[in-house]
There are 2 protein chains.
Amino acid sequence: MPRLYLIPSDLGNPDCMDPRLVETITPIEYLIVERLRTARRFLRKIGDKRNFDEEVRWLELDKHNPNVKHIRKTLQEAKSTSQDVGVLSEAGNPCIADPGSVIVSIAYELNFEIEPLVGPSSILLALTGSGLSGQQFSFHGYLPVEQASRNKRIRAMEQSVNAYGATQLFMETPYRNMALWKSLLNQLNPSTLLHVSCDLTLDTQWIKTKKVSDWKSESVDLHKRPCIFAIGRKMRMK
Amino acid sequence: MPRLYLIPSDLGNPDCMDPRLVETITPIEYLIVERLRTARRFLRKIGDKRNFDEEVRWLELDKHNPNVKHIRKTLQEAKSTSQDVGVLSEAGNPCIADPGSVIVSIAYELNFEIEPLVGPSSILLALTGSGLSGQQFSFHGYLPVEQASRNKRIRAMEQSVNAYGATQLFMETPYRNMALWKSLLNQLNPSTLLHVSCDLTLDTQWIKTKKVSDWKSESVDLHKRPCIFAIGRKMRMK
């Protein structure tokens, strides 16, 4: 049975990738990617020495409107010659906060074996480093852009923290981080714990959890830097 | 500033660990672990050649009741001599579905720098391989053991899928997997998509998503095997 490999990529620092990943990737002839240019650059960086124009069959996805017909055609073509297919993420794990799961569900229909590979996930790294409960958590993706809806969502997440203790994770387009940050400080209860992981895996990495009231007296610069945010409470202890 | 390293371990297959992890771990003198025996075995397996009795200072945690006094004492002692501390998980990432986040929150109080390391997460691998939406998801940990409460929780998770499309992930103590599986097939709507990832990263790995109605005609053996379960719906497509 042909396989669908779900291939993670780095968060900006290739040293966080397993150096043996390239051995898994090199035999895969069909690659479905979000952006051809960054996918090729990533593969070169981890040591894929193929002639990309001749030895790889690429399918570039439209992130906002993945074209199901193109995906199915690629998977059918690969299957007819018993070739494996790889799905490569722009950053971190494919299918998490990106449209990759559309490809996986078509691969299930066509009886591919699904093979997720281990790599860095900003969501998991943020949760691990937050000190907030990891027993139950929710990831909300991008919050609404419109301010009133965003504020409503922030308050709803805080209610989930207070009711269930479940950590609430979310993100924002980097150039809007500071607007989100302001809303968080305005909307959240002063005693709520607010976590931010910024530039994960990079030399400029910056990871912190504080009460909202303590953040208010501090100036932070998150503008145009990749961040994961979380709110939650500490685990109960003896 | 001393660092608190959050160290992942394997899910049973050491080939899924970055082979360079041992270089990061070996200089860490203080290690906080869930079980001394499995921690030592794991470190040997990835190539830590130290004399564990003489060169490592261990703190074994009580999983159900992490003792805050012992954790604080260990971190304070390490800090007073500018030593780094490592937290090692039993399986996968520390602080996810385990008590590690208690240690992180004490480390924040004592001004440690927090350093989460990349490793395999069964939750992320399951979500990636499920073909269910990864734009929004929740992890619920272990469901209630008592049948009526468990059934209620299962139906509540299905409602969240139907209302928001958010994928719902959960797990069970492996010897109770088949009881949970029966409840899932009984309680869920026939058209709901049910995913199970079993023995992730092992040679016996088994990953599948089907409609509940399709699962009903199939016999599955999940008894005493580590599993992650998920329910959800497909991402919308053109």
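Computed from a predicted structure; not experimentally measured.

**Student:** Please clarify how the pairing of strand 7 (residues 167-171) of chain B should be interpreted in this entry.
**Tutor:** The two faces of a sheet get side chains in turn, since along a regular strand they alternate between them. All names here are of chain B. With five of five residues buried, strand 7 lies mostly within the body of the structure. Burial of the side chains of strand 7 extends over both faces: Thr167, Leu169 and Met171 are buried on one face and Gln168 and Phe170 on the other. Where the polypeptide runs from strand 6 (residues 137-142) across helix 7 (residues 147-164) and back to strand 7, its parallel neighbour, the crossover connection is right-handed. Relative to strand 10 (residues 227-232), strand 7 is paired through three bridges, and the arrangement is antiparallel. Paired with Gln168 across the bridge in strand 10 is Ile231.

**Student:** Can you help me understand helix 4 (residues 68-80) of chain B in this one?
**Tutor:** One turn of the α-helix equals 3.6 residues, which is why residues spaced by three or four share an orientation. Residue and element names in this part refer to chain B. For helix 4, spanning 13 residues, the distance from its first C-alpha to its last is 18 Å, which sits close to the expected 18 Å at 1.5 Å a residue. Residues of helix 4 that are buried: Val68, Ile71, Thr74, Leu75 and Ala78. Across the axial projection of helix 4, the buried residues extend over an arc of 135°, all falling on one side. Within helix 4, the exposed residues directed more than 90 degrees away from the buried face are Lys69, Lys73 and Ser80. The inward-facing, buried residues of helix 4 abut strand 1 (3-7), strand 2 (30-33), strand 3 (57-60), strand 4 (85-88) and helix 5 (100-109). At the N-terminal boundary of helix 4, the capping side chain belongs to Asn67, with an oxygen 3.0 Å from the backbone nitrogen of Lys69.

**Student:** Sorry, what's going on with the sheet that holds strand 8 (residues 193-198) of chain A here?
**Tutor:** Strand pairing in a sheet takes place through backbone hydrogen bonds and is either antiparallel or parallel in direction. Taking strand neighbours across the sheet as the criterion, the ten strands line up as 9(A)-8(A)-10(A)-7(A)-6(A)-6(B)-7(B)-10(B)-8(B)-9(B) in an open arrangement whose pairing is mixed. The outermost strands of the open sheet, each flanked by one partner alone, are strand 9 (206-211) of chain A together with strand 9 (206-211) of chain B. Adjacent strand axes in the sheet meet at a mean angle of 15°, parallel and antiparallel pairs treated alike. With six bridges connecting them, strand 8 (residues 193-198) of chain B and strand 10 of chain B associate as antiparallel partners. Each bridged residue has a counterpart across the sheet, and for Val196 of chain B the counterpart in strand 10 of chain B is Phe229 of chain B. The strands touched by helix 8 (residues 177-187) of chain B are strand 7, strand 8 and strand 10 of chain B; relative to strand 10 of chain B, the strand with the most contacts, the crossing angle is about 10°.

**Student:** Looking at this model, I keep getting lost on the sheet that holds strand 4 of chain B. Mind explaining?
**Tutor:** Strands sit in the order 3-2-4-1-5 (chain B) across an open sheet of five strands; the sheet is parallel. Edge positions in the sheet fall to strand 3 and strand 5 (113-116) of chain B, since each has one partner strand and no second. Looking at each pair of strands side by side, their axes are set apart by 20° on average, direction ignored. Sheet topology note: the strand 2 of chain B/strand 4 of chain B ladder contains four bridges and is parallel. The residue of strand 4 of chain B that forms the bridge with Ile32 of chain B is Val87 of chain B. Docked against the sheet, helix 6 (residues 122-130) of chain A engages strand 1 and strand 5 of chain B, running at close to 140° with respect to strand 5 of chain B. The sheet contacts of helix 5 of chain B involve strand 1, strand 2, strand 4 and strand 5 of chain B, and relative to strand 1 of chain B the element is tilted by about 165°.

**Student:** Looking at this structure, how should I read the relation of the copies chain B and chain A?
**Tutor:** The two chain copies are related to each other by a rotation about an axis together with a translation along it. With an RMSD of 0.0 Å, chain B superimposes on chain A once it is rotated by 180° and translated 0.0 Å along the axis. Classification of the inter-copy transformation places it as that of a two-fold axis. Within chain B, the C-alpha atom positioned nearest to the axis of rotation is that of Ser138 of chain B, 2.0 Å from it. Take the interface residues of chain B: 100% of them recur as interface residues in chain A, which is what a same-surface contact looks like.

**Student:** What is the right way to read the interface of chain B and chain A from this model?
**Tutor:** On the side of chain A, 60 residues touch chain B, which itself brings 60 residues to the contact. Overall, the association of chain B and chain A removes approximately 4,900 Å² of surface from exposure, summing both partners, and the carbon and sulfur fraction of that is 59%. Applying the counting criterion to the chain B and chain A interface returns two salt bridges. For Lys234 of chain B, the salt bridge goes to Glu109 of chain A, with nearest N and O atoms at 3.5 Å. There are 13 residue pairs in polar contact (both at pLDDT 80 or more) connecting chain B and chain A. Contributions of two or more residues to the side of chain B that touches chain A are made by helix 5, strand 5, helix 6 (122-130), strand 6 and strand 9 of chain B. Among the residues making up the side of chain B that touches chain A, the classes are represented as 29 nonpolar, 21 polar and ten charged. Taken together, the three bridges between strand 6 (residues 137-142) of chain A and strand 6 of chain B define a ladder with antiparallel strand orientation. Paired with Phe137 of chain A across the bridge in strand 6 of chain B is Phe139 of chain B.

The rules behind each value
Residues numbered from 1 in each chain as written. Chains lettered and ligands numbered in written order. Predicted model: local features only at pLDDT ≥ 70, side-chain atom pairs only at ≥ 80, totals over all residues. Heavy atoms only, no water. Buried < 20%, exposed > 50% of the residue type's maximum accessible area, 1.4 Å probe, protein only. Helix = DSSP H or I, 4+ residues; strand = E, 2+ residues; numbered from the N terminus. Right-handed = clockwise from strand over helix to strand, strands pointing away. Pairing = 2+ DSSP bridges. Expected span 1.5 Å × (residues − 1). Arc of directions from axis to C-beta. Contact = heavy atoms within 4.5 Å. Polar contact = N/O pair within 3.5 Å; in protein donor to acceptor, adjacent residues only side chain to side chain. Axes fitted to C-alpha atoms, helices over the stretch in contact; angles between N-to-C directions. Least-squares fit on C-alpha atoms with pLDDT ≥ 70 in both. Buried area = accessible area lost by both parts, 1.4 Å probe. Salt bridge = Lys/Arg side-chain N within 4 Å of Asp/Glu carboxyl O. Nonpolar A, V, L, I, M, F, W, Y, C, P; charged D, E, K, R; others polar.

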